[in-house]
Amino acid sequence: MKKVIVLLSAALISMLSLGQQFEKPKLEASEFEKVKAKVGAGFALQMQALDHEAPVELIDLKNNFNLPTASLSVTADLAPGIQLYINNYMSSRHHNEAWVEGGYLTIDHMPFLPASDNLMKYLTIRAGVMMPNYGDAHFFRSNNGNVVNNPFVGNWIMDAYTTNPGLDILFRKDGFLALVGTNNGRVNYGRGGNLGEDLVFNWKLGYDKNINEDLRIRATLSGYHVGDGHSGSYLWDGDRAGARYYNVMQTADAEGDNFRSGRWSPGSGQSQMNSYMANVFVQFHGLEVFGIYENMKGEKNEADQHFTQTAVQALYRLGSFYVGTRYNNVSNNDGSSVDRTNIGGGWYMTPNVVVKLDYVTQNYEGPAQGSIDGGKFNGVVLEAGIAF
């Protein structure tokens, strides 16, 4: 009898319907009971079997396990509609020591200001050290040990992610959303200029609606703007945890580990910049399609930059299983480009436990890898992740 119960429980779990999440739902003030904290964690481990080649000698990649990564988070309910979140990296590819990634306060209700009750029905305020809500691509990425939101192993080639001190205000009503935000543009904010010189601004406009029980449509347009004279902004190189696809395209004589291996972007340090991202997400029954068009123009070290990223991702979910593919391309104004194709799938044994198998092939045209002119890598990566 016990075996039957276990088998039935497993079958029920396997039929869980999982879907993509974007901005967190509003906190319900009526659900607050008392000040309490929840501890969460994320763990990820990969088995990597990749090959690479280029016109220069590269290191010999091994087929083996990567260093496991781990994160620790604390979520605290402080008052009705007020919540604190803080995330820590306990083990990451880039840093050996444990350190705080960032944290922020979410305000969905103001019990200390009853006159704001009607207005706060539609507003969410975030303040702290956090990723600015620029674009929708960051909702599909792995963050160190937490990989359950990413259907594949690697993040986007041009990976917009940073944790800057800032503030944003989100308005949501009847499927429409509008956001405005500001931050100082820097991860290492103590090394920048004066705040008046280093402010950057971001915004988002969108529509996200369940048309019926079978169809969901979301479309957004975002902007990120760095004023002339900034001491050096971060957007795409702000992830300090490190990339997947370990050591790919690393030359034999290179010293140390390029912890961003497999990615390519304008980098950090823009003294002025305007970037825009358009996203479309459609969910119909078990089919999900997500698209990116991103265009940035800026200046770094007195040189002009112009990068364009396009991507399309298609998944089909059947209960707790999914299969899918992703195509991602980044190009810039010197003729260089990088494109990647992923084919894979996964199994959510529970909503908090996932196993993924990812075949990846990535090609380089021009000097996108600095001293390397052209090249490619491909192979298979198996990843297991737990997050709660």
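Residues numbered from 1 in each chain as written. Predicted model: local features only at pLDDT ≥ 70, side-chain atom pairs only at ≥ 80, totals over all residues. Heavy atoms only, no water.

1. As for the overall build of the protein chain
Piece 1. What the protein chain contains, in helices and strands, is three helices and 17 strands.
Piece 2. The C-alpha extent of the protein chain, read off along each of the three principal axes, is 65 × 65 × 40 Å.
Piece 3. Looking at the 388 residues of the protein chain, the share that counts as buried comes to 50%.
Piece 4. Here the contacts in the protein chain between residues at least 6 apart in sequence split such that 63% fall between residues at least 24 apart.
Piece 5. For the protein chain, the accessible area works out to roughly 18200 Å², and carbon and sulfur atoms hold 60% of it. (Helix = DSSP H or I, 4+ residues; strand = E, 2+ residues; numbered from the N terminus. Buried < 20%, exposed > 50% of the residue type's maximum accessible area, 1.4 Å probe, protein only. Contact = heavy atoms within 4.5 Å. Areas by Shrake-Rupley, 256 points an atom, 1.4 Å probe, with all protein chains shown as cover.)

2. Some points on the packing of aromatic side chains
Piece 1. Enumeration according to the criterion identifies 16 aromatic pairs in this entry.
Piece 2. When the ring of F140 is compared with that of F281, the centres are 6.4 Å apart and the planes differ by 50°; the resulting orientation is tilted. One end of the pair, F140, is in the loop between β6 (123-130) and β7 (164-173); the other, F281, is in strand β11 (residues 272-284), with 141 residues separating them in the sequence. Accessibility classification places F140 together with F281 in one group, the buried group.
Piece 3. Here R141 stacks its cationic end above the ring of Y161, 4.0 Å away from the centre of that ring.
Piece 4. Note that R326 overlies the ring of W156, its terminal NZ or CZ placed 3.8 Å from the centroid. (Phe/Tyr/Trp six-rings, centres within 6.5 Å; stacked < 30°, edge-to-face > 60°. Lys NZ or Arg CZ within 6 Å of the ring centre and 35° of its normal.)

3. Looking at the environment of A41
Piece 1. Note on placement: A41 falls in strand β1 (residues 36-53).
Piece 2. Overall, the relative accessible area of 10% leaves A41 in the buried class.
Piece 3. Sequence separation of A41 and S71 is 30 residues, and the distance between their C-alpha atoms is 5.4 Å.
Piece 4. Those residues in contact with A41 that lie beyond four places of it in its chain are S71, L72, S73, I386, A387 and F388.

4. Here we look at the confidence of the model for the protein chain
Piece 1. Taken over all residues, the pLDDT of the protein chain has a mean of 92, while the share at 70 or more is 94%.
Piece 2. Counting contacts from residues 3-17, a segment whose pLDDT is below 50, to residues more than four positions away or on other chains yields 10 contacts. (pLDDT = per-residue confidence, 0-100.)

5. Topic: the pattern of salt bridges
Piece 1. Under the counting rule described, the total for this entry stands at 19 salt bridges.
Piece 2. Linking K62 and D60 is a salt bridge whose minimum nitrogen-to-oxygen distance equals 2.8 Å.
Piece 3. Here K62 falls in the exposed class, since its relative accessible area comes to 56%.
Piece 4. Residue D136 is joined to K204 by a salt bridge in which the shortest nitrogen-to-oxygen separation is 2.8 Å. One end of the pair, D136, is in the loop between β6 and β7; the other, K204, is in strand β9 (residues 200-210), and 68 residues separate them in sequence.
Piece 5. Overall, the relative accessible area of 0% leaves K204 in the buried class.
Piece 6. One network of salt bridges, with partners in common, ties together E23, D136, K204, D208, R216 and R218. (Salt bridge = Lys/Arg side-chain N within 4 Å of Asp/Glu carboxyl O.)

6. A short note on a nonpolar patch on the surface
Piece 1. Together, L287, V289, V312, Y316, L318, V323 and Y327 give the surface a local cluster of nonpolar side chains, amounting to about 620 Å² of exposed area.
Piece 2. Going through the elements one at a time, β12 (287-300), β13 (303-318) and β14 (321-332) are the ones with two or more residues in the nonpolar patch.
Piece 3. Ranked by residue count, the leading element in the nonpolar patch is β13, at three residues.
Piece 4. Locating V323 in the fold gives a position in strand β14. (Patch = residues over 30% accessible without salt bridge, like charges linked within 9 Å, V, L, I, M, F, W, Y side chains within 5 Å.)

7. Things to note about the side chain of H230
Piece 1. Topologically, H230 is positioned in the loop between β10 (215-226) and β11.
Piece 2. Relative accessible area serves as the criterion here: at 4%, H230 is assigned to the buried category.
Piece 3. Here the side chain of H230 touches G232 through a polar contact of 2.9 Å, landing on its backbone nitrogen.
Piece 4. Leaving out residues up to four positions away in the same chain, H230 has contacts with N184, G185, R186, E197, D198, L199, V200, Q270 and S271. (Polar contact = N/O pair within 3.5 Å; in protein donor to acceptor, adjacent residues only side chain to side chain.)

8. Here's the deal with the pairing of β13
Looking along a regular strand, one sees side chains alternate from face to face of the sheet.
Piece 1. Direction of pairing for β12 relative to β13: antiparallel, over a ladder of 14 bridges. In the strand pairing of β13, M296 is matched with F307.
Piece 2. Where β12 folds back on β13, the antiparallel hairpin that results is connected by two residues, among which N301 adopts a positive phi of roughly 55°.
Piece 3. Relative to β14, β13 is paired through 12 bridges, and the arrangement is antiparallel. Residue pairing across strands places A311 opposite N328, the latter belonging to β14.
Piece 4. Adjacent in sequence and paired antiparallel, β13 and β14 are bridged by two residues, among which G319 carries a positive phi angle near 65°. (Pairing = 2+ DSSP bridges.)

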